[in-house]
Amino acid sequence: MLSWQLLVMWLLPVTRKKATSSYELRHETMRHYMRSRGRRIFTRGPNGKGHGMVGFILTGHGQFSNGLASAIDMVAGDQPAFQIVPFEGSQAATYGDELRQAITAMRAECEGVLVFVDLLGGTPFNQAMMIANDVDNVEVITGTNLPMLIELLLTRGAGSSLSELAEQAVTVGQMGVTHQSVAAMAASADDELDEDGI
């Protein structure tokens, strides 16, 4: 069984409201999961904008940012102050300007901007660093992965500083890389069932 399926099975009995759609089930499950880890969850203000918070730009080679954005939408739903800027080889001539425009616009709406890139030293990283040199309160994170983005998207909010979020991104991103085996997962699931008395 996949780890996401195990998470849903573990959390399903403790969700507070009965979900009427798969989106509501995912959303309620993620909210409970984040609460169980002692994390606060960002909720949008009445205008749905990112004022008073740090905005996120996701970029990378090929379909990297599109794929992660699709996964985020599936797991955590639509997120405010979050934008992707894909780097396609055919658009290399205009990529730097598109990234600069996205970061500058996000910075105008938010207190700071975290730019998430796929690879240290690649074109998206190099362009983001040049822009961060020109625009204040912009930081760049490399090695972006899905656990990092989901946790930061769900826990950021007014009061989260740019440097705190950058440090949290690195920590969560590293914790999201593990080695698992089916046998170990099955033994762990059996132990949890025994402890719960089921």
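Before reading on, note that the structure itself is shown above.
What counts, and at which threshold
- Residues numbered from 1 in each chain as written.
- Predicted model: local features only at pLDDT ≥ 70, side-chain atom pairs only at ≥ 80, totals over all residues.
- Heavy atoms only, no water.
- Salt bridge = Lys/Arg side-chain N within 4 Å of Asp/Glu carboxyl O.
- Helix = DSSP H or I, 4+ residues; strand = E, 2+ residues; numbered from the N terminus.
- Buried < 20%, exposed > 50% of the residue type's maximum accessible area, 1.4 Å probe, protein only.
- Pairing = 2+ DSSP bridges.
- Axes fitted to C-alpha atoms, helices over the stretch in contact; angles between N-to-C directions.
- Contact = heavy atoms within 4.5 Å.
- Core = buried A, V, L, I, M, F, W, Y, C linked by side-chain atoms within 4.5 Å.
- Phe/Tyr/Trp six-rings, centres within 6.5 Å; stacked < 30°, edge-to-face > 60°.
- Lys NZ or Arg CZ within 6 Å of the ring centre and 35° of its normal.

Points about the pattern of salt bridges
Per the counting criterion, the structure on display carries two salt bridges. For Arg-100, the salt bridge goes to Asp-134, with nearest N and O atoms at 3.1 Å. Taken as a pair, Arg-100 in helix 4 (residues 92-109) and Asp-134 in helix 5 (residues 123-134) lie far apart in primary sequence, 34 residues in all. The exposure class assigned to Arg-100 is partly exposed, which follows from its relative accessible area of 32%. Given a relative accessible area of 53%, Asp-134 falls into the exposed group. Between Arg-107 and Asp-136 there is a salt bridge, with its nearest N and O atoms 3.2 Å apart. Placement of the pair is Arg-107 in helix 4 and Asp-136 in the loop between helix 5 and strand 4 (138-141), with a sequence separation of 29 residues. A relative accessible area of 19% places Arg-107 in the buried class.

Focus: unusual backbone geometry
Despite not being glycine, Ala-81 shows a phi value in the positive range, around 50°. Locating Ala-81 in the fold gives a position in the loop between helix 3 (64-76) and strand 2 (82-87). You will see that Asn-137, though not glycine, has its phi angle at about 55°, which is positive. Considering the arrangement of structural elements, one finds Asn-137 in the loop between helix 5 and strand 4. Asn-137 sits in the partly exposed class, given a relative accessible area of 39%.

Topic: the sheet that holds strand 4
Spatially, four strands are ordered 2-1-3-4 in an open sheet, and the strand pairing comes out parallel. The open sheet has two edge strands with one neighbour each: strand 2 and strand 4. The average undirected angle you get between the axes of adjacent strands in this sheet is 20°. Pairing geometry for strand 1 (residues 54-61) and strand 3 (residues 112-116), over five bridges, is parallel.

Section: the side chain of Thr-144
Relative to the assigned elements, Thr-144 resides in the loop between strand 4 and helix 6 (146-155). Residue classification places Thr-144 among the buried positions, given a relative accessible area of 7%. What Thr-144 contacts, discounting residues up to four positions off in sequence, is Leu-58, Phe-64, Leu-68, Phe-116, Val-117, Asp-118 and Leu-149.

Considering the nonpolar core
In this structure, Phe-56, Phe-82, Leu-114, Phe-116, Ile-141 and Leu-152 are the most contacted members of the largest nonpolar core, which totals 22 residues. If one sorts the elements of this core by residue count, helix 6 sits on top with six residues. Contacts of Phe-82, omitting those with residues within four sequence positions, involve Phe-56, Leu-58, Ala-69, Ile-72, Met-106, Leu-153 and Arg-156. Residues Val-85, Cys-110, Phe-125 and Ala-128 belong to the second largest nonpolar core, which totals 20 residues.

Quick look at the packing of aromatic side chains
In this structure the tally under the stated criterion is two aromatic pairs. With 5.0 Å between their ring centres and 75° between their planes, Phe-56 and Phe-116 make a pair best called edge-to-face. Taken together, the residues span a long stretch of sequence, with Phe-56 in strand 1 and Phe-116 in strand 3 at a distance of 60 residues. Taken individually, Phe-56 and Phe-116 each receive the classification buried, so the pair is uniform in this respect. Between Phe-87 and Tyr-95, the aromatic rings sit 4.7 Å apart at their centres with planes inclined by 55°, giving tilted as the arrangement. Accessibility expressed as a relative area gives 10% for Phe-87, which makes it buried. Given the relative accessible area of 1%, Tyr-95 is considered buried. Directly above the ring of Phe-56 sits Arg-156, whose terminal nitrogen or CZ lies 4.4 Å from the centroid.

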